[in-house]
Amino acid sequence: MTEKIERLLQRVEEFSPRSAAELEEFRIRILGRKGELNDIMEEFKGVAPELKRELGQRINKLKTRAQERISELKGELESRTAEEGGTIDDMTRPGDCQPLGSRHPISLVRNEICGIFERLGYTVAEGPEIEDDWHVFSALNFPPEHPARDMQDTFFIEKNPDILLRTHTSSIQVRTMETHKPPIRVVCPGRVFRNEAISYRAHCIFHQIEGLYIDENVSFADMKQSLLYFVREFFGEDTKIRLRPSYFPFTEPSAEMDISCNLCGGKGCNVCKHTGWLEIMGCGMVDPNVLEACGIDSNKYSGFAFGMGVERCSMLKYGVKDLRLYFENDVRFLHQFDTAI
Ligand code: DAH
C-alpha cells in the first residue's frame, strides 16, 4: 500500500495539464468522491492496526500535497492565459466599458470662476506654493509682529522663517506686479496652507482665487460692479451683494463682501445663520505701500484686489456641508459632479 501511495504522489508531482479542463479532470480522478484517493482510504480501513499510524500519515500527506499541487497548477494556467491575452471565444462580443472619470468639484468651480473673470478681460496667473516671507507677508504690508506670520498659522520649512508654505494666494499679486507693467488684470487660483485643526469647516489645505486689477483711475465703484457681475454669473441673476468695512494690511479701504443667501432667498436659514447673508470674499483698494513695494508708481496707478475660498464657493453652490469631503476622494461624492458644467 505504501508503494501505491508513493506512486500516486509521484503522478501528482509530475502532472502537467495543457488546459483547465484537463486539470479539472485530473482533480476529479484523484480527489473526487469516487477518485483514487478514496480507493486508498477504503483499503486503509482493512489495514492492520500497527500499520495504521504510519500509513495514515502518508495518506494525509498525499492528500494535502495533491490539493496544493492542483491549486498551484490552476494559478499557473490562469497567469499563462492572462499573459497570452486570454482566450477569445466570441470575436463579436462588445468590449468592456471603461468607467469615465469626472472632474473634481474644486477644479470645476475654479475653472468656472476663472472663466467668468476671463470674460471680463482677466488672465490667469499662478505662483509657487513654497514661498518666501517677502511675497506672502512683507511686500503685502504685513507688519513684522502681525499674528498671521505666527508659527500657529503658517507652516515654515525646516525652521527657516524665510521659507514657508503660502497662506494665501495674495503672494501671486506681488509676483505679477513685480514682473508686469500696468494695466494688470489677473486672477490667481491656487492651493494654500494654514496650520489649522481639521473640521467640517476648516482644513490645513484649501484653495483660493485672488483677483487683481491695476490701471490709471481704477475706483472702488469699478470693483463693486466687477464683483456684482461675478456673483450674478456664478450664483444666479438675482443674487445681491453687500460690502462691509473690514481690514487687510494690503488694501485700504478694505471690505468683506456678502451675497444674499441663495438657499433661503434672504429670508434666513441655518446656513446664513438667519442673517440672510453669506460672506464670500475679502476685497479692497490696493494699499499704495503694496504698489510701491512691487515697483508700481502709486501716484499714477490705483487698483483693487479680492480673494475668495474655492471650497466655500463650491459648498454654497452645491450645498456641500462638510469641507473634508473635498479631500477624501470618495468616488460616491465625486461621481455626483459627473454632469456638472
Ligand atoms: N488674502 C486674504 C485671505 O487670505 C483674502 C483677501 C482679502 C485677498 C482681501 C485680497 C483682498 O486680495 O483684497 O484671507
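Residues numbered from 1 in each chain as written. Predicted model: local features only at pLDDT ≥ 70, side-chain atom pairs only at ≥ 80, totals over all residues. Heavy atoms only, no water.

Q: Would you mind going over the site of the ligand with me for this structure?
A: Around the ligand there are 15 residues in total, and H168, S170, R194, Q208 and E210 lie nearest to it. Note that a nitrogen atom of the ligand is positioned 3.0 Å from one of the side-chain N or O atoms of S170. Measuring from an oxygen atom of the ligand, one finds a side-chain N or O atom of Q173 at 3.2 Å. Relative to its unbound accessible surface of 350 Å², the ligand loses 89% to contact with the protein. Going through the elements one at a time, α7 (170–179), β6 (205–215), β9 (277–286) and β10 (302–309) are the ones with two or more residues in the shell around the ligand. (Near = heavy atom within 4 Å. Polar contact = N/O pair within 3.5 Å; in protein donor to acceptor, adjacent residues only side chain to side chain. Areas by Shrake-Rupley, 256 points an atom, 1.4 Å probe, with all protein chains shown as cover. Helix = DSSP H or I, 4+ residues; strand = E, 2+ residues; numbered from the N terminus.)

Q: Mind showing me how you'd approach helix α3 (residues 36–45) here?
A: Think of an α-helix as turning once every 3.6 residues; residues three or four places apart then point the same way. Of the positions making up α3, those classed as buried are L37, I40 and F44. Taken around the axis of α3, the buried residues stretch over an arc of 55°, which confines them to a single face. (Buried < 20%, exposed > 50% of the residue type's maximum accessible area, 1.4 Å probe, protein only. Arc of directions from axis to C-beta.)

Q: Got a minute to help me understand the pattern of salt bridges in this structure?
A: Two side chains carrying opposite charge are able to pair once their charged atoms lie near each other. Scanning the entire structure with this criterion turns up 21 salt bridges. Put simply, R244 and E279 hold a salt bridge, and the shortest N to O gap is 3.6 Å. Separated by 35 residues along the polypeptide, R244 in strand β7 (residues 241–248) and E279 in strand β9 bring together distant segments of the chain. With a relative accessible area of 28%, R244 lands in the partly exposed category. Given the relative accessible area of 38%, E279 is considered partly exposed. (Salt bridge = Lys/Arg side-chain N within 4 Å of Asp/Glu carboxyl O.)

Q: Would you explain the packing of helix α5 (residues 105–119) against helix α10 (residues 310–318) in this entry?
A: Two numbers describe a pair of packed helices, the interaxial angle and the distance between the axes. One way to put it is that α5 packs onto α10 with a least axis distance of 9 Å and a crossing angle of 100°. When the interaxial angle is binned, α5 and α10 end up roughly perpendicular. Between α5 and α10, the contacting residues are P105, I106, V109, R110, E112 and I113 on the first element and V310, E311, C313, S314, K317 and Y318 on the second. Classifying every residue of the contact of α5 with α10 gives 7 nonpolar, 1 polar and 4 charged. (Axes fitted to C-alpha atoms, helices over the stretch in contact; angles between N-to-C directions. Parallel < 35°, antiparallel > 145°, perpendicular 65-115°, else oblique. Contact = heavy atoms within 4.5 Å. Nonpolar A, V, L, I, M, F, W, Y, C, P; charged D, E, K, R; others polar.)

Q: What exactly am I supposed to notice about the packing of aromatic side chains here?
A: Centre-to-centre distance and the angle between the planes together describe a pair of aromatic rings. Counted according to the given criterion, the structure contains 15 aromatic pairs. Look at F234 and F235: their rings are 4.7 Å apart centre to centre, the planes differ by 85°, and that puts the pair in the edge-to-face class. Judged by its relative accessible area of 3%, F234 falls in the buried class. A ring pair is formed by F248 and F250, whose centres lie 5.7 Å apart and whose planes are at 25°; its orientation type is stacked. Among the aromatic residues, those joined into a ring-pair cluster are F117, Y122, Y213, F230, F234, F235, F304 and F306. For the cation-ring pair, K317 lies above F234, with the distance from its terminal atom to the ring centre recorded as 4.2 Å. (Phe/Tyr/Trp six-rings, centres within 6.5 Å; stacked < 30°, edge-to-face > 60°. Lys NZ or Arg CZ within 6 Å of the ring centre and 35° of its normal.)

Q: I tried to follow the sheet that holds strand β4 (residues 160–165) on my own but got confused; where do I start?
A: The strands making up a sheet associate through backbone hydrogen bonding, with each pair oriented either parallel or antiparallel. Strand order in the open sheet formed by 3 strands is β2-β4-β3, and the pairing between neighbours is antiparallel. Pairing within the sheet leaves two strands with one partner each, and these edge strands are β2 (130–132) and β3 (156–157). By the bridge criterion, 2 bridges tie β3 to β4 in an arrangement that is antiparallel. Bridge pairing in β4 places I157 opposite N160. (Pairing = 2+ DSSP bridges.)

Q: Any chance you could explain unusual backbone geometry here in plain terms?
A: Among all residues save glycine, negative phi is the norm, and among peptide bonds the norm is trans. The linkage connecting P182 with the following residue, P183, adopts the cis geometry, with an omega of 0°. The omega torsion of the bond from E252 to P253 falls at -5°, within 30 degrees of zero and hence cis. Secondary-structure assignment places P253 in strand β8 (residues 251–260). Not every positive phi belongs to a glycine, and N141 is a case in point at roughly 70°. Mapped onto the secondary structure, N141 falls in the loop between α6 (133–136) and β3. For N141, a relative accessible area of 24% gives the class partly exposed. Residue N217 is not a glycine yet carries a positive backbone phi of 60°. Assignment of secondary structure puts N217 in the loop between β6 and α8 (220–235).

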